[in-house]
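Analysis of the macromolecular model
So you can see what is in the structure, the chains are spelled out below.
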Amino acid sequence: VQLQASGGGLVQAGGSLRLSCAASEGISSSYTLGWFRQAPGKEREFVSAIKWSGGSTRYADSVKGRFTISRDKAKNTVFLQMASLKPEDTAVYYCAATRIVWSAITNHMHYGNWGQGTQVTVSS
């Protein structure tokens, strides 16, 4: 399955954006879909993930309470609603898929099917 992220842009601090990650075909129930981000000079870091079948979610501490991940099974799409954005949220955001156990989903090394990233820039 191919994944395509979209929805990035330039926003002022405190603003909101909604990212989308569309799959090219139906997503197997065994998958977890994750969002990661990478700022210049930094390593790729986990943002959030959602189990495709049951809808369980997980968030990085840095975004908890501000970001919400969701999915639309009919559209084979995962969303990342981002609110109260901060300049430190500036990064390229990527979506990817994994079948790894839930306890390991924050490690980007376990993911494949990486989509083309979308740039999010938050100005102060």
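In the block above lies the structure referred to throughout.
Everything numeric in this text was worked out from a predicted model, so none of it was measured.

Now for the sheet that holds strand 8 (residues 77–82). Strand order in the open sheet formed by 4 strands is 1-3-8-7, with antiparallel pairing between adjacent strands. Each of the sheet's edge strands pairs with one partner strand only, and the pair in question is strand 1 (3–6) and strand 7 (67–72). Strand after strand, the sheet turns through a mean of 15 degrees between neighbouring axes, direction not considered.

Now for the nonpolar core. Counting residues in hydrophobic clusters, the biggest one holds 36 residues, and the most contacted among them are Leu-33, Trp-35, Phe-67, Val-78, Leu-80, Met-82 and Tyr-93. When contributions to this core are tallied by element, the ones reaching two or more residues are strand 1, strand 3 (17–23), strand 4 (32–38), strand 5 (45–51), strand 7, strand 8, strand 9 (91–98) and strand 10 (118–123). Considering every element that reaches this core, the biggest residue donor is strand 9, with 5 residues. Residue contacts for Met-82: discarding those within four places in its chain leaves Gly-15, Ser-16, Leu-17, Leu-19, Arg-66, Phe-67, Tyr-93 and Val-120.

About the cut-offs
- Residues numbered from 1 in each chain as written.
- Predicted model: local features only at pLDDT ≥ 70, side-chain atom pairs only at ≥ 80, totals over all residues.
- Heavy atoms only, no water.
- Pairing = 2+ DSSP bridges.
- Helix = DSSP H or I, 4+ residues; strand = E, 2+ residues; numbered from the N terminus.
- Axes fitted to C-alpha atoms, helices over the stretch in contact; angles between N-to-C directions.
- Core = buried A, V, L, I, M, F, W, Y, C linked by side-chain atoms within 4.5 Å.
- Buried < 20%, exposed > 50% of the residue type's maximum accessible area, 1.4 Å probe, protein only.
- Contact = heavy atoms within 4.5 Å.

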